[in-house]
Amino acid sequence: LIEPSLKIEEFNIRLKRKHFRKKIIASINFKITENIKASVRLYSSFRKLKKPSAITLANDSDQKLIRLTKYYCKDTGESLKNEQIGRHFILKDEKIKFDTKEINSIKGFLIQEFCLVGFKPKESLKIYHNISSSVLITPDDENITNSTKIIDAMVRELINKKKIAIAKIKIKENDRMRFCALIPQIEEVKEYGNIIPTGFNMVLLPFGDEIKNLESMAPSKIDIPTIDELLVTENLINQMTVEDFDPRSFENPEIQRFYSVIQSLALDEPIQQEFNDFLMPDLNLILDKINVFNQFNELFFKD
């Protein structure tokens, strides 16, 4: 017999699978060589949950308001069109004028681009290279046929040779060009039918001037710890180690309060003032381990 708890857990996973639909960030062509291209889709693996932006309504009719901006000439007071408006840059007391097309051409290319640059060993990717949330890349046969075969062959070859791909990408027209590392992953079936698809985990790489040199902050003299210091520190780590930590068990109290207030206003209910904040430290646990902290403080901070 199957335990009812397993059925409930499977039901909750299926419910989330139905509720949280996967939204595509972008659909773009992946240029591998001059003659080989594949179509891929980009998904956001993790994204911070934010409060939705408010919508401005009219008080009398509750109609959604649309904001319109008009520009007027300061001298004549006439309304100006977009083609009549320009910008300038002052250089040696002279106004250098630009139009919209010239400004866009200065900022960068106007088209999407995703092309392969080369390959690197997997060990060359460091933890500090990850400067933003990763993006999942999966093949898309709807735009270009045989994209799945091309990506699958590339993924398997990279895994066999223990390498990663380096590419340059520009997802949107107003984005800037970035280099990225493509970490291959093969299809894997998890519990309750969850499937990790074949594709790449894209990690945006920082530029050279975005990496700070921290050698100046390193201590000039390194002291070797004694045996007593090692034993006390090891005891502190063992006593304060959190078992079976899962970040999904901790909800954002700000988001929870926001939706609770919205629900109370919609149902004309009293607003709940207190909320369970699971991010607060467990003071009772810390007080139980107070002797461990005292030993650590007496040994390292005698003064």
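Okay, so let's go over this structure. (Residues numbered from 1 in each chain as written. Predicted model: local features only at pLDDT ≥ 70, side-chain atom pairs only at ≥ 80, totals over all residues. Heavy atoms only, no water.)

This next bit is on the overall build of the protein. Looking only at helices and strands, the protein features seven helices and 13 strands. Burial analysis of the protein (303 residues in total) assigns 18% to the buried set. Contacts in the protein between residues at least 24 apart in sequence constitute 62% of all its contacts with a sequence separation of at least 6. Element-wise, carbon and sulfur atoms account for 54% of the exposed surface of the protein, whose accessible area totals about 25700 Å². (Helix = DSSP H or I, 4+ residues; strand = E, 2+ residues; numbered from the N terminus. Buried < 20%, exposed > 50% of the residue type's maximum accessible area, 1.4 Å probe, protein only. Contact = heavy atoms within 4.5 Å. Areas by Shrake-Rupley, 256 points an atom, 1.4 Å probe, with all protein chains shown as cover.)

Right, let's talk about the pairing of strand 2 (residues 37–44) for a bit. In summary, the side chains of a regular strand alternate between the two faces of the sheet. Two elements, strand 1 (residues 24–31) and strand 2, share seven bridges in a ladder whose sense is antiparallel. Each bridged residue has a counterpart across the sheet, and for I28 the counterpart in strand 2 is V40. Between strand 1 and strand 2, which pair antiparallel in sequence order, lie five residues. With five bridges connecting them, strand 2 and strand 8 (residues 135–139) associate as antiparallel partners. Paired with V40 across the two strands is P139, which belongs to strand 8. (Pairing = 2+ DSSP bridges.)

Counted according to the given criterion, the structure contains nine salt bridges. Salt-bridge contacts for D140 lead to R41; the nearest nitrogen and oxygen are separated by 3.3 Å. Here R41 lies in strand 2 and D140 lies in the loop between strand 8 and helix 3 (147–161), a separation of 99 residues in the sequence. On the basis of relative accessibility, which here comes to 5%, the residue D140 falls in the buried class. Where E254 meets K51, a salt bridge forms, and the shortest distance between an N and an O atom there is 3.3 Å. Remark: K51 occurs in the loop between strand 2 and strand 3 (71–72) and E254 occurs in helix 5 (residues 253–267); sequence separation between them is 203 residues. With relative accessibility at 40%, the residue K51 sits in the partly exposed group. Connected through shared salt-bridge partners, R41, D140 and E142 make up one network. (Salt bridge = Lys/Arg side-chain N within 4 Å of Asp/Glu carboxyl O.)

Across all of its chains, the model carries four aromatic pairs by this definition. When the centroid spacing of 5.2 Å and the interplanar angle of 80 degrees are considered together, the rings of F258 and Y259 count as edge-to-face. A relative accessible area of 42% places Y259 in the partly exposed class. These aromatic residues form a ring-pair network of at least three members: F296, F300 and F301. (Phe/Tyr/Trp six-rings, centres within 6.5 Å; stacked < 30°, edge-to-face > 60°.)

A word on the layout of surface pockets. Counted as a void, the second largest pocket has a volume near 280 Å³. Within the residue set of the lining of the second largest pocket, elements represented by two or more residues are strand 9 (163–170) and strand 13 (199–204). In the lining of the second largest pocket, the residues fall into seven nonpolar, three polar and five charged. (1 Å grid on protein atoms, 1.4 Å probe; cavity = no way out; pocket = protein on both sides within 12 Å on 5 of 7 lines; lining within 4 Å. Points joined across faces, edges and corners; volume = space filled by probe spheres on them. Nonpolar A, V, L, I, M, F, W, Y, C, P; charged D, E, K, R; others polar.)

Let us look at a nonpolar patch on the surface. On the surface, V242, F245, F250, F278 and L279 cluster together into a nonpolar patch covering about 550 Å² of accessible area. A relative accessible area of 56% means that F245 is categorised as exposed. (Patch = residues over 30% accessible without salt bridge, like charges linked within 9 Å, V, L, I, M, F, W, Y side chains within 5 Å.)

The backbone of D62 shows a phi angle near 55 degrees, a positive value even though the residue is not glycine. For D62, a relative accessible area of 55% gives the class exposed. The phi torsion at K162 lies on the positive side, around 55 degrees, for a residue other than glycine. Tracing the sequence through the fold places K162 in the loop between helix 3 and strand 9.

Turning to its location among the elements, R178 is positioned in strand 10 (residues 178–185). The buried category is assigned to R178, whose relative accessible area is 9%. For R178, the side chain forms a polar contact with the side chain of E210, separated by 3.1 Å. Other than its neighbours up to four places away in sequence, R178 contacts I131, A167, K168, I169, L204, L205, P206, F207 and E210. (Polar contact = N/O pair within 3.5 Å; in protein donor to acceptor, adjacent residues only side chain to side chain.)

None of the figures reported here should be taken as evidence of function without further support.
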